[in-house]
Amino acid sequence: ADTVGGHFYNSVTIAEDPWTPIMYNSPNGNATGITVKVVTGATSSQVLGRTLVVHDSAGDRIACGKIVQTMASLQLPLEASAFSAYPGYTGNLAVSGNVRVG
């Protein structure tokens, strides 16, 4: 977790952090069927192998998952689907599901 940086996006082509307004709502503790488009200005090869970090409503990091290829060649979509607790997180929130990139 020491190497985790800030939100990843191409700051040359995108003026403001596109991740800042991204939020989800989880009534009754379940967030399902959420689709949010985030334009980062990054290419799939720049995103591949990075880690997607999920924050709770207070902004604390609670889970993370590696962005991987879903096919044998570098085709879209990439995906993060194996989430685990963020290092050091001891709360009771759990993240599951998948995030498609591309």
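Look up a bit, the structure's there.
Reading the values: the criteria
Residues numbered from 1 in each chain as written. Predicted model: local features only at pLDDT ≥ 70, side-chain atom pairs only at ≥ 80, totals over all residues. Heavy atoms only, no water. Pairing = 2+ DSSP bridges. Helix = DSSP H or I, 4+ residues; strand = E, 2+ residues; numbered from the N terminus. Salt bridge = Lys/Arg side-chain N within 4 Å of Asp/Glu carboxyl O.

Asks: Can you break down the sheet that holds strand β1 (residues 51-55) residue by residue, with the values?
Replies: Ordered by their spatial adjacency, 3 strands build an open sheet running β1-β2-β5, and the pairing between neighbours is antiparallel. With one partner strand each, in any of the chains shown, β1 and β5 (84-85) form the two edges of the open sheet. Pairing geometry for β1 and strand β2 (residues 61-66), over 5 bridges, is antiparallel. In the strand pairing of β2, Val54 is matched with Ala63.

Asks: So what's going on with the pattern of salt bridges? Which residues, and what values?
Replies: Should the charged atoms of two oppositely charged side chains come close, the side chains can pair. Going through the model one piece at a time under the given rule, you end up with 1 salt bridge. The closest approach of N and O atoms between Glu79 and Arg100, which form a salt bridge, is 3.9 Å. Placement of Glu79 in strand β4 (residues 78-80) and of Arg100 in strand β6 (residues 99-101) is noted, with a sequence separation of 21 residues between them.

Asks: Break down the sheet that holds strand β3 (residues 68-69) for me, citing the residues and quoting the values.
Replies: Spatially, 3 strands are ordered β3-β4-β6 in an open sheet, and the strand pairing comes out antiparallel. Taken across any chain shown, the strands that pair with only one partner, and hence form the sheet edges, are β3 and β6.

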